[in-house]
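So you can see what is in the structure, the chains are spelled out below.
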Amino acid sequence: ALALAGQIRDAAPLAVRAVKQVLDFALDLPLPQALERAETLRRPLDTTRDYTEGLAAFAARRKPRFTGQ
C-alpha cells in the first residue's frame, strides 16, 4: 500500500485527479460510455505543462518534476 501511495504521490497531479473522476463514474456506465467519458477527461491533459514535462523526462531518462500545471 505504501509503494502504491508513493507512485500516486509522484504522478502528475492533473492526471491523478482525472483518474479519480473516471473512477467515480466508470463503474456505473457500460464500458463504451465509460471509455468515451474517460477520453473526454484525458484529452485536455495533452496541452498541459505536466504532459510536456512527462515527455521530456521520458526522453531524457529522468524522473519527471510535475507542477500541476
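The notes below deal with the structure included here. (Residues numbered from 1 in each chain as written. Predicted model: local features only at pLDDT ≥ 70, side-chain atom pairs only at ≥ 80, totals over all residues. Heavy atoms only, no water.)

**Thoughts on the pattern of salt bridges**
For clarity, the threshold we go by: The salt bridge definition used is simple: a Lys or Arg side-chain nitrogen within 4 Å of an Asp or Glu carboxyl oxygen. Burial here depends on accessible area, computed with a 1.4 Å probe over protein chains only, as a share of the maximum for the residue type. Under 20% is buried, over 50% is exposed, and the range in between is partly exposed.
Inspection of the entire model under this criterion finds 6 salt bridges. Note that Asp46 and Arg42 form a salt bridge whose closest N and O atoms lie 2.8 Å from each other. Overall, the relative accessible area of 31% leaves Asp46 in the partly exposed class. Judged by its relative accessible area of 35%, Arg42 is partly exposed.

**Topic: the environment of Ala12**
To keep things clear, this is the line we draw: Per the convention used, a helix needs a DSSP run of H or I reaching at least four residues, while a strand needs a run of E reaching at least two, with both numbered from the N terminus. Contacts between residues were defined by any pair of non-hydrogen atoms, one from each residue, lying within 4.5 Å.
Inspection of the secondary structure assignment puts Ala12 in the loop between helix H1 (2–10) and helix H2 (13–26). As a C-alpha pair, Ala12 and Tyr51 span 39 residues in sequence and 8.2 Å in three-dimensional space. Sequence-distant contacts of Ala12, that is, excluding residues within four places in its chain, are made with Asp50 and Phe66.

**Overview of the packing of H2 against helix H3 (residues 31–42)**
As a reminder of what qualifies: Helix axes are fitted only over the stretch in contact, all axes being lines through C-alpha atoms; the angle between N-to-C directions runs from 0 to 180 degrees. Any angle that is under 35 degrees is reported as roughly parallel, and any over 145 degrees as roughly antiparallel; angles of 65 to 115 degrees are reported as roughly perpendicular and all others as oblique. By convention, the crossing between two helices is left-handed when the near helix turns anticlockwise from the far helix through less than a right angle, and right-handed when the turn is clockwise. Throughout, the ten residues Ala, Val, Leu, Ile, Met, Phe, Trp, Tyr, Cys and Pro are labelled nonpolar, Asp, Glu, Lys and Arg are labelled charged, and all others, Gly among them, are labelled polar.
Contact geometry for H2 and H3: axes closest at 10 Å, N-to-C directions at 160°. Comparing the axis directions of H2 and H3 gives the class roughly antiparallel. Handedness of the crossing formed by H2 with H3: right-handed. From H2, Ala18, Gln21, Val22, Phe25 and Ala26 reach across to H3, where they touch Ala34, Arg37, Ala38 and Leu41. The residue makeup of the contact of H2 with H3, split by class, is 7 nonpolar, 1 polar and 1 charged.

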